[in-house]
Amino acid sequence: MYQSIDFKEYELSNKSEEIVPIESLNYLSTNYESLDYEVIENELYRKEEQKKGYRYVVQKDFSRWMTFFWIGVIVAFIGIIIFISIEIGTNFKFNMIKKYFDNCTKKDCMVKPYLVALILNLIPSFIGSCLIVYVEPMAKGSGIPAVKCFLNGIKVPKLIRLKTLIVKVIGVITVALGGLWGGKEGPMIHAGAIVAAGISQGKSTTFNKDLGALNFFREDHEKRDFVSGGAAAGIAAAFGAPVGGLLFSLEEGASFWNQALTWRIFFGSMISMFTLHSVLSAYHGHPGDLTYKGLLNFGKFDDLSYHIFDIPIFVLMGIVGGLTGALFCHLNIQLFKFRKRYVNKDWKKVLEVLIVCSTTVTISFLLILFTSDCKKLGLDPINHPIQLLEGTVQSLFHDTPDVFNTTTIVYFGIFAYFITLWTYGVHFSGGVLIPGLCTGAAWGRLVGQTIFHFFPNTNIGIYSLIGAASQLGGITRMTISLTIILVEATGSITFGLPLMICLMTAKWVGDFFSESIYDTQIDLSGMPLLAWDPPPLSSSIYANNLMTHPVITFKTKESVENIVKTLKKYSHNGFPVVEYVQNNELDEGKTLCYLRGLILRSQLIVLLDNKVFDGPLTNYWDSVTMETFREDYPRYSSIEDIQLLQNDLKLIIDLSRFMNPSPYIVQHTMSLPRIFKLFRAMGLRHIVVVNDSNEVAGIVTRKDLARYKVIRHMGKISVTELKFSNKME
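Scoring rules and cut-offs
Residues numbered from 1 in each chain as written. Predicted model: local features only at pLDDT ≥ 70, side-chain atom pairs only at ≥ 80, totals over all residues. Heavy atoms only, no water. Axes fitted to C-alpha atoms, helices over the stretch in contact; angles between N-to-C directions. Helix = DSSP H or I, 4+ residues; strand = E, 2+ residues; numbered from the N terminus. Left-handed = near helix turned anticlockwise from the far one by under 90°. Contact = heavy atoms within 4.5 Å. Nonpolar A, V, L, I, M, F, W, Y, C, P; charged D, E, K, R; others polar. 1 Å grid on protein atoms, 1.4 Å probe; cavity = no way out; pocket = protein on both sides within 12 Å on 5 of 7 lines; lining within 4 Å. Points joined across faces, edges and corners; volume = space filled by probe spheres on them. Core = buried A, V, L, I, M, F, W, Y, C linked by side-chain atoms within 4.5 Å. Buried < 20%, exposed > 50% of the residue type's maximum accessible area, 1.4 Å probe, protein only. Salt bridge = Lys/Arg side-chain N within 4 Å of Asp/Glu carboxyl O. Phe/Tyr/Trp six-rings, centres within 6.5 Å; stacked < 30°, edge-to-face > 60°. Pairing = 2+ DSSP bridges.

Helices that pack against each other are described as a pair by the angle of their axes relative to one another and the distance between those axes. Running from N to C, helix α16 (residues 480-490) and helix α17 (residues 496-513) point in directions that differ by 145°, and their axes come no closer than 9 Å. The two elements α16 and α17 meet at a crossing, and its hand is right-handed. The segment α16 lies against α17, with I480, L482, T483, L486 and V487 engaging G496, L499, M500 and L503. Each residue belonging to the contact of α16 with α17 can be placed in one class, and the counts come to seven nonpolar, two polar and no charged.

Right under this line is the structure:
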């Protein structure tokens, strides 16, 4: 049981954006805005809805299914491009190295193949790193934490752009060709999210091309659902696991879910897997049999039988995975702080990648040089067992007990753990999924060989698989989705229970000591991610303590000049619209400020850009529709870019026609947990706080809620109030 520490009540009426070091975990970045998941039911929206009929409903629903179909197809072809490029490149690289290995009988003759391997690894590593550092930093890493934040409601700059996708794909290829310890499976999730975001909008802002189709999907909440499907399609293509992709999107990605979305995501995942299998099977000379299992093939286990007495061993392995995973996450934080302080120049970031690459190649050759369990080609059950991480995992799963000696596995396991730790976080496009599996498979095989020593009928591959699952589960804290992914990737559904047992154990143990690697990366970036549940023991904090005030408001009929001045002075994205009413009877002539609605900054920008003003010569009502606002989505103009004449500033805008007349409001006495649940469940961006007289008292945004950070460490739980920083990772 967790020991509860009392929640300290904070007075937030004078919140300040204190600048704190970005390598600190106790900050939130003010550079991240929220997405607008709420539907604005203004007069334009109602007018559009009245014109719709059932034909529109059927057309939109059909368009959704077709969009998910094309998401699956395109994500699969991205995976195909990555696979074929890596296969061609690695065949060339290892054939070159093999020439210098042939007829090598002395230790000193290892110098030439080592230098050739070093050069052939450094070149693609250098190219990939330069692309990340100098062209598109958002393509760094797996992209899973950022996608998770997007689905949570955070607008992550450049996350889902075409430029990011291109750099990501090239980066993943260079990572594999460079021999770096980074898997392509995590980046496939990011790639799928980008494809889904682009396809669903029917236009490209990068190339300024608009197909004029799918306009009804140009809203944040629609795009969110497609991005969830794209992430699932990426998993389906990477692992050949459509159900695993669906569950991954549910467990690690999507913050909002419904039954209809479940079917569409599963459909897109199936299309992705089917397309990839069809093309790659034909590519390998077996058209039509669909035998090729995704980008990653663990190979089918002939015998995965287990006994009830194996369960305690699986639990112990889960504990080991949780402990080593928690240590991995803790050390990763220290590495992040070190990099922010010392590896803070672009050239240093590239240099670190080259150092990691050189170290990886060097240690790999030392392991070959000082181990004596090499075997002739053709005796291994898989092709090219040591050329790629995926091949290493397969070899550890399926090789016979006499292939590797204990010393080799110990050396390799230690090397795998620390090289994965060092590599994760450098500027390259690669994830931790396969390196984590490879590390766990190594020490899991060591456990299997130990048991095999006493019980010769033991299937070592079972323990290697459990070790792989435990290690990755301890790092990522994935449970249900990882279980299904491994079941689908191995084709052994009967082994689901042991996998779930070890993964749940790894998660519980890991959570006892630290957060998952993805949550750690989110914390380090300062993104205001909202957890599933509100902070514990926070019922004593009320809206009047939590809200930001005073609030900048507009009148229902506001001058253009005042709107322009306000938008230039303040960076707020939501403004309550109020009406001033003089009440002579009850309040002795006091003017009361009643809430009438809420209008977004983006709406005001569109109105100013299109000069939707009230004047003697203007009649805009018939020309302005919801399409007017969708045309500029998602990149709206800046207020500084809008050109207005002096006479325009004297005109008036009737905001009542465009504002949200029914925004979510709460009383100033509502508690933090209730506000949090409303905000989180509805995917809101703003909640207006009113007093007993229905006057605007303040406003609650994402950062007001995310500033309360729940910390769990060594069985204790506490809540801290984060500070703000204007810096950005």
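What follows deals with empty space enclosed by the protein. Here the structure, examined in full by the defined rule, presents three cavities of 30 Å³ or more. Looking at the largest cavity, its volume works out to about 110 Å³. Lining the largest cavity we find D36, E38, I40, L598, I599, L600, Q603, N660, L684, R685 and H686. The biggest single contributor to the lining of the largest cavity is strand β10 (residues 590-600), with three residues. When grouped by side-chain class, the residues that make up the lining of the largest cavity number five nonpolar, three polar and three charged. S34, L35, Y37, N152, G153, F256, L530, F679, R680, G683, L684 and R702 together form the lining of the second largest cavity. The residue inventory of the lining of the second largest cavity, partitioned by class, reads six nonpolar, four polar and two charged.

In terms of nonpolar packing, the biggest core is built from 110 residues, with F239 and F412 touching the most fellow members. When near neighbours in sequence (up to four residues on either side) are disregarded, F412 contacts W181, L367, T392, L396, C438 and A442. Judged by nonpolar contacts, the second largest core, of 28 residues, contains I563, L567, I599 and I653.

A few words now on the pattern of salt bridges. Within the structure shown, the criterion is met by 24 salt bridges. In this structure, R685 and D36 form a salt bridge, with 2.8 Å as the shortest nitrogen-oxygen distance. Taken together, the positions of R685 in the loop between α23 (672-682) and β13 (686-690) and D36 in the loop between β3 (33-34) and α1 (43-51) put the pair 649 residues apart, joining distant regions of the chain. By relative accessible area, R685 is classed as buried at 7%. Under the relative-accessibility criterion, D36 is labelled buried at 18%. The salt bridge involving R477 is made with D511; its shortest N-O contact spans 3.0 Å. With R477 in the loop between α15 (460-476) and α16 and D511 in helix α17, this residue pair connects regions lying 34 residues apart in the sequence. The buried category is assigned to R477, whose relative accessible area is 3%. By relative accessible area, which is 22% here, D511 ends up partly exposed. When salt bridges with common partners are traced through the structure, they connect E48, E49, K52, E219, E627 and R630 into a single cluster.

Turning our eyes to something else, we now look at helix α4 (residues 144-152). A large share of α4 lies buried, amounting to nine of its nine residues. If you check which residues of α4 are buried, you get I144, P145, A146, V147, K148, C149, F150, L151 and N152. G153 sits one or two residues past α4 and shows a positive phi near 115°.

For the rest of this paragraph, the subject is the packing of aromatic side chains. Counted according to the given criterion, the structure contains 20 aromatic pairs. Aromatic side chains Y417 and F418 sit 5.3 Å apart centroid to centroid with 80° between the ring planes, which places their arrangement in the edge-to-face category. Assessed through its relative accessible area of 10%, Y417 is described here as buried. Both rings, one in F512 and one in F513, keep their centres 5.1 Å apart while their planes meet at 75°; by these two values the pair is edge-to-face.

Quick look at the sheet that holds β13 now. The sheet built from three strands is open, its strands ordered β12-β13-β14 with mixed pairing. Only two strands of the sheet have a single neighbouring strand rather than two, namely β12 (665-667) and β14 (696-701). Neighbour-to-neighbour, the strand axes of this sheet turn through a mean angle of 30°, independent of strand direction. In this structure, β13 lies alongside β14, joined through five bridges in antiparallel fashion. Paired with H686 across the two strands is T701, which belongs to β14.

Of all five residues in β13, five are buried, a share of seventy percent or more. Where burial is concerned, the two faces of β13 agree: the one with H686, V688 and V690 and the one with I687 and V689 are both buried. In the sheet, β12 pairs with β13 via three bridges, with the strands oriented parallel. Bridge pairing links V666 to V689 in β13. Counting the residues that bridge the hairpin from β13 to β14 gives five residues, and of these N694 lies at a positive phi of roughly 65°.

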